[in-house]
Amino acid sequence: MDRDNNIPRFDWDLSFSTVVSSPSTGTDAIGAIEFDPSGEILATGGIARKIRIYRLNSLLGTSRDDDDDDHVERCICTPAKLSSLKWRPDLTGRVIGSGDYDGVVSEYDVEKGVPVFERDEHGGRKIWSVDYTLRSGSVLGASGSDDGTVQMWDPRNGGLDETVRPGGGTAAICSVEFDPFGGNFLAVGCADRNAYVYDVRRLVDPIFVLDGHTKTVTYARFMDQHTIVTGSTDGSLKLWDIANGQRVVRTFRGHVNSRNFVGLSVWRHGGLVVSGSENNEVFVYDKRWGEPVWVRGLGGQTDRFGSDRRFVSSVCWRQADEDWCTLVAGGSDGVLEIFSGIRN
């Protein structure tokens, strides 16, 4: 066997492109970063109760001394702190959905900067994740909350379609994601240490229970139609083969994560996984190896107490290209950094 095949290697020349600093003097942790379907528009949201909209081309032209207000194309003020964002797939970047700390899902017309839809089905408990899928030409939405439920709905009529209680509904739901390849699966990350996979056509029971983490599963993301990546506050990521017995294909370690949401994103074209870390570094893993292939610390200043308590709180890959990659990372200090690269 060729020993070189077991040595982690990075097939991408990924380097720093720009940093955008938040003008806020208070807490401005970035909890969500999302590209629109075109990959040209970037949205961020978090503790500052604002959805900030950027054009990627504008951001890539910034200097290190520029601040956030110089390049925000639109800023939408929201009534509560935001935990998650997701663009509606049927409206070509015109409407973005959000989940907030008051348990409300809201949708905003980005061009007009006004809310166009709102639903409160979680009893005021924090929503940690929202997602959408297209089914038979219609949009289906889902949200996961501290109340232990996943709520699913059709935004056209605002009615509650389904309530799902993974693990009996006794633990917080941290992550929801529909199969982005058009399949019928919904992946759910739960504070009971498990991830669950449901068939949206029959939500009575999960078709898979991914049992392998020792602490809260904060994220569950589809790498492809047959594999899912989960992240946990046990400090590991796991790659699961759901087509062949729900087995763990690989465990990724290197980043630090014991209590916070640090972000998890997969770049499906490149087979790459990125995680934030509580030591304020970004860790990129190749699905072929368990060790990180690229690690980068975020910049910024120490907090007002003179200590460095910053951590990476959100990460996002741009999905649009195959030979050019873009990675965006946001910190607990509100700083946004962008990295770009080409295939070696």
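Residues numbered from 1 in each chain as written. Predicted model: local features only at pLDDT ≥ 70, side-chain atom pairs only at ≥ 80, totals over all residues. Heavy atoms only, no water.

When its secondary structure is counted, the protein chain shows one helix and 28 strands. Computed over the C-alpha atoms, the radius of gyration of the protein chain is 19 Å, within 12% of the 20 Å expected from 2.2 N^0.38 for a compact globule of 344 residues. Judged by the C-alpha coordinates and their principal axes, the protein chain covers about 60 × 50 × 40 Å. Put simply, 48% of the contacts in the protein chain that link residues at least 6 apart link residues at least 24 apart. Summed over its atoms, the accessible surface of the protein chain is roughly 14500 Å², and 42% of this surface lies on carbon and sulfur atoms. Here the protein chain contributes 38 positively and 50 negatively charged side chains, and the mean placements of these two sets differ by 3 Å. (Helix = DSSP H or I, 4+ residues; strand = E, 2+ residues; numbered from the N terminus. Rg over C-alpha atoms; globule rule 2.2 N^0.38 Å. Contact = heavy atoms within 4.5 Å. Areas by Shrake-Rupley, 256 points an atom, 1.4 Å probe, with all protein chains shown as cover. Lys, Arg positive; Asp, Glu negative; His and termini not counted. Charge placed at Lys NZ, Arg CZ, Asp CG, Glu CD.)

Considering all chains together, one arrives at two cavities of 30 Å³ or more under this definition. Of the voids in this model, the second largest cavity is the one considered here, and its volume is about 30 Å³. Taken together, Thr218, Tyr219, Gly231, Ser232, Leu237, His255, Asn257, Val262, Gly263, Leu264 and Ser275 make up the full set of residues lining the second largest cavity. Secondary structure elements with two or more residues in the lining of the second largest cavity: strand 18 (217–222) and strand 19 (227–232). (1 Å grid on protein atoms, 1.4 Å probe; cavity = no way out; pocket = protein on both sides within 12 Å on 5 of 7 lines; lining within 4 Å. Points joined across faces, edges and corners; volume = space filled by probe spheres on them.)

Mapped onto this numbering, the UniProt entry gives "repeat: WD" (unreviewed entry) at residues 142–163 and 210–250. Helix and strand shares over residues 210–250 are 0% and 59% respectively, and the end C-alpha atoms of the span are 13 Å apart. (UniProt positions renumbered as here; feature names shortened; annotations may be inferred.)

Take the pattern of salt bridges next. Counted under the stated rule, the structure contains 17 salt bridges. Of the charged contacts, one joins Arg9 and Asp11 as a salt bridge, the two residues approaching to 3.6 Å between their closest N and O atoms. With relative accessibility at 39%, the residue Arg9 sits in the partly exposed group. For Asp241, the salt bridge is made with Arg247, and the minimal N-O distance between the two is 3.7 Å. The class of Asp241 is buried, set by a relative accessible area of 8%. (Salt bridge = Lys/Arg side-chain N within 4 Å of Asp/Glu carboxyl O. Buried < 20%, exposed > 50% of the residue type's maximum accessible area, 1.4 Å probe, protein only.)

It is worth spelling out the pairing of strand 6 (residues 82–87) at this point. Along strand 6, five of the six residues are buried, which leaves the element largely enclosed by surrounding structure. Inspection of the sheet shows strand 6 paired to strand 7 (residues 95–100) by five bridges, in the antiparallel sense. Bridged to Trp87 within strand 7 is Ile96. (Pairing = 2+ DSSP bridges.)

Before going further, it helps to spend a moment on the sheet that holds strand 14 (residues 173–178). Sheets are built from strands that pair by backbone hydrogen bonding, the pairs being arranged parallel or antiparallel. Taken in spatial order, the four strands of this open sheet run 14-15-16-17, and their pairing is antiparallel. Strands with a single pairing partner mark the edges of an open sheet, and in this sheet they are strand 14 and strand 17 (208–211). Each adjacent strand pair in this sheet contributes to an overall mean axis angle of 15°, direction not counted. Where strand 14 lies against strand 15 (residues 185–190), five bridges are found, and the strand directions are antiparallel. The partner of Val176 across the bridge, within strand 15, is Val188. (Axes fitted to C-alpha atoms, helices over the stretch in contact; angles between N-to-C directions.)

This paragraph deals with the packing of aromatic side chains. Tallied over the entire structure, the rule returns nine aromatic pairs. Measuring from centroid to centroid gives 4.7 Å for Trp12 and Trp267, while their planes differ by 65°, and the two rings are edge-to-face. Taken as a pair, Trp12 in strand 1 (residues 12–20) and Trp267 in strand 22 (residues 264–267) lie far apart in primary sequence, 255 residues in all. The class for Trp267 is buried, based on a relative accessible area of 0%. Measuring from centroid to centroid gives 5.8 Å for Trp267 and Trp317, while their planes differ by 25°, and the two rings are stacked. Remark: Trp317 occurs in strand 26 (residues 312–317) and Trp267 occurs in strand 22; sequence separation between them is 50 residues. There is no split in this pair, since Trp267 and Trp317 are both buried. An aromatic cluster is defined as three or more aromatic residues linked by ring pairs; in this entry it consists of Tyr101, Trp128, Tyr219 and Phe261. (Phe/Tyr/Trp six-rings, centres within 6.5 Å; stacked < 30°, edge-to-face > 60°.)

Within the secondary structure layout, Val256 lies in the loop between strand 21 (247–253) and strand 22. The partly exposed category is assigned to Val256, whose relative accessible area is 36%. Put simply, Val256 and Ser236 are 20 residues apart on the chain and 8.3 Å apart in space, counted from C-alpha to C-alpha. Ignoring anything within four residues of it in the chain, the contact list for Val256 reads Ser277, Glu278 and Asn279.

This part takes up unusual backbone geometry. Even without being a glycine, Ser136 presents a positive backbone phi close to 55°. With relative accessibility at 85%, the residue Ser136 sits in the exposed group. The backbone of Arg193 shows a phi angle near 85°, a positive value even though the residue is not glycine. Note that Arg193 resides in the loop between strand 15 and strand 16 (194–199). Note on Arg193: relative accessible area 48%, which makes it partly exposed.

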